[in-house]
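# Remarks on the overall topology
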Amino acid sequence: MASQVAGATSSQTAGRTGRERLAARGWAGPLARVLAWAPLVPFLLFCLLFEILPVFLTVEGSLTDGGSGGLSLASYRRLLAQASNLRAFQNSLALSLVTALIGGLLGTLAAAGLASLRQGWLRQVLISFCSIAANFAGVPLAFAFVATLGVTGFVTIALRSWLHLDLYSMGFSIYQFWGLVLVYVYFQLPLMILVTLPALAGLRPEWREAAINLGASSVAYWWRVAFPILLPSLVAGTMLLFANAFGAFATAFALAQGNINLVPILIDFVVNGNVSVDFGLGDALAVGMIVVLLAAVALYIAMLRRASRWQGR
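Notes on the structure in this doc start here. If you're wondering where the values come from, they're calculated on a predicted model, not measured in any experiment.

### Focus on the overall build of the protein
- Summing up its helical and strand segments, the protein has 14 helices and zero strands in all.
- When the elements of the protein are put in sequence order from the N terminus, they spell out α-α-α-α-α-α-α-α-α-α-α-α-α-α.
- Nonlocal contacts in the protein, meaning residues at least 24 apart in sequence, comprise 67% of its contacts between residues at least 6 apart.
- As presented, the protein carries roughly 18900 Å² of accessible surface, and 69% of it is formed by carbon and sulfur atoms.

Spelled out as structure tokens, the structure:
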């Protein structure tokens, strides 16, 4: 035991001696800063190679003349001159906004009900399901809805056989705008639940107790106290849903690639067209998407800062 104590003491003395030598040479401060940044190097390298550099190349490609290689706005002029390009942005903005509002409203109500559950095991099961549903998208989700609500889907045939209701003769189609809205809400709603639950958990019990002691009813507490506090978080969550829907590609491509014109699908057609390829126009469309997403993310960050004031962060 004495030898172990002596060894530990000697190692601590050697460590102090090493630090004192570094401090004497003026290396302790820079070395500590380098070591503090070292764990972030892989992440920063990833951001540089797969986020910053692709955005820079996309912007450069949109401003480059394909013939001479010089600076040109021809790609943006083609974007604005063709009605199909503007219609694609209108459809993408409308689809993202509608699904974000529907998912935000229903997700907030569902999250409030989920937070009030007394059965802890049931809450964990539902949260786990939300985590799975929020990440279940792309071609598998499109196939699941085609098998359920397609022309020969299970629910479509069941309604036709049992209730004599033909959804497609009534104007519904899973391959049109509102059908795509229904599919998007499937993964938007659980995502909003997951985003809203931490905000609901941040409501302090003493706020409710103070409101009740002052004579406020439950409705008055939620309208005058809880809702103003939750509003920045709800707006931030809605902006997250908007950005999530605006950038979605695989689900829309698998369902409605020929029936509804969206910006991600249009970029794929322009870049991988069978007849002609226009990389400049594709870069310009991508830059337009980046601008819209940056606006949504900026509002998202601003709302999170407002929400953090009440959450003590």
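Let's pick the thread back up.
### Structural notes on the layout of surface pockets
- Within this model, the largest pocket holds a volume of roughly 370 Å³.
- Lining the largest pocket are 16 residues, with G104, L105, T108, F227 and L234 positioned closest to its centre.
- Taken as a whole, the second largest pocket holds about 290 Å³ of empty space.
- If you go around the second largest pocket, the residues you meet are A112, A115, S116, L197, L200, A201, L203, R204, P205, R208, Y221 and W222.
- At the level of secondary structure, the elements contributing two or more residues to the lining of the second largest pocket comprise α5 (83-115), α9 (177-201), α10 (205-213) and α11 (218-246).

### Considering the packing of aromatic side chains
- What the rule picks out here adds up to eleven aromatic pairs.
- Consider the rings of Y221 and W222, whose centres lie 5.6 Å apart with planes at 70°: the pair is edge-to-face.
- Joined through ring pairs, the aromatic side chains of F136, F145 and Y186 make up one cluster.

### Notes on the packing of helix α7 (residues 139-149) against helix α8 (residues 154-162)
- Taken N-terminus to C-terminus, the directions of α7 and α8 make an angle of 10°; their axes are 3 Å apart at the nearest point. The orientation of α7 with respect to α8, classified from their angle, is roughly parallel. Of the residues in α8, those in contact with A147, T148 and L149 of α7 are F154, V155 and T156.
- For the contact of α7 with α8, the per-class residue count stands at four nonpolar, two polar and no charged.

### Some words on the pattern of salt bridges
- Across all of its chains, the model carries two salt bridges by this definition.
- Two residues, R78 and D278, come together in a salt bridge whose shortest N-O distance is 3.0 Å. On the criterion of sequence distance, the pair formed by R78 in helix α4 (residues 74-81) and D278 in the loop between α13 (263-271) and α14 (279-311) is long-range, its members being 200 residues apart.
- D166 is the partner of R160 in a salt bridge, and the nearest nitrogen-oxygen pair spans 3.8 Å.
- The class for R160 is partly exposed, based on a relative accessible area of 35%.
- Looking at D166, the relative accessible area reads 27%, which means it is partly exposed.

### Looking at empty space enclosed by the protein
- A full pass over the atoms with the stated rule returns two cavities of 30 Å³ or more.
- A volume near 40 Å³ is recorded for the second largest cavity.
- For the second largest cavity, the full set of lining residues is S92, L95, S96, Y184, A245, F246, A248, L262 and P264.
- The set of elements that each furnish at least two residues to the lining of the second largest cavity consists of α5 and α11.
- In terms of residues, the lining of the second largest cavity owes the most to one element, α5, which gives three residues.
- Here the residues of the lining of the second largest cavity sort into seven nonpolar, two polar and no charged.

Definitions and limits used
Residues numbered from 1 in each chain as written. Predicted model: local features only at pLDDT ≥ 70, side-chain atom pairs only at ≥ 80, totals over all residues. Heavy atoms only, no water. Helix = DSSP H or I, 4+ residues; strand = E, 2+ residues; numbered from the N terminus. Contact = heavy atoms within 4.5 Å. Areas by Shrake-Rupley, 256 points an atom, 1.4 Å probe, with all protein chains shown as cover. 1 Å grid on protein atoms, 1.4 Å probe; cavity = no way out; pocket = protein on both sides within 12 Å on 5 of 7 lines; lining within 4 Å. Points joined across faces, edges and corners; volume = space filled by probe spheres on them. Phe/Tyr/Trp six-rings, centres within 6.5 Å; stacked < 30°, edge-to-face > 60°. Axes fitted to C-alpha atoms, helices over the stretch in contact; angles between N-to-C directions. Parallel < 35°, antiparallel > 145°, perpendicular 65-115°, else oblique. Nonpolar A, V, L, I, M, F, W, Y, C, P; charged D, E, K, R; others polar. Salt bridge = Lys/Arg side-chain N within 4 Å of Asp/Glu carboxyl O. Buried < 20%, exposed > 50% of the residue type's maximum accessible area, 1.4 Å probe, protein only.

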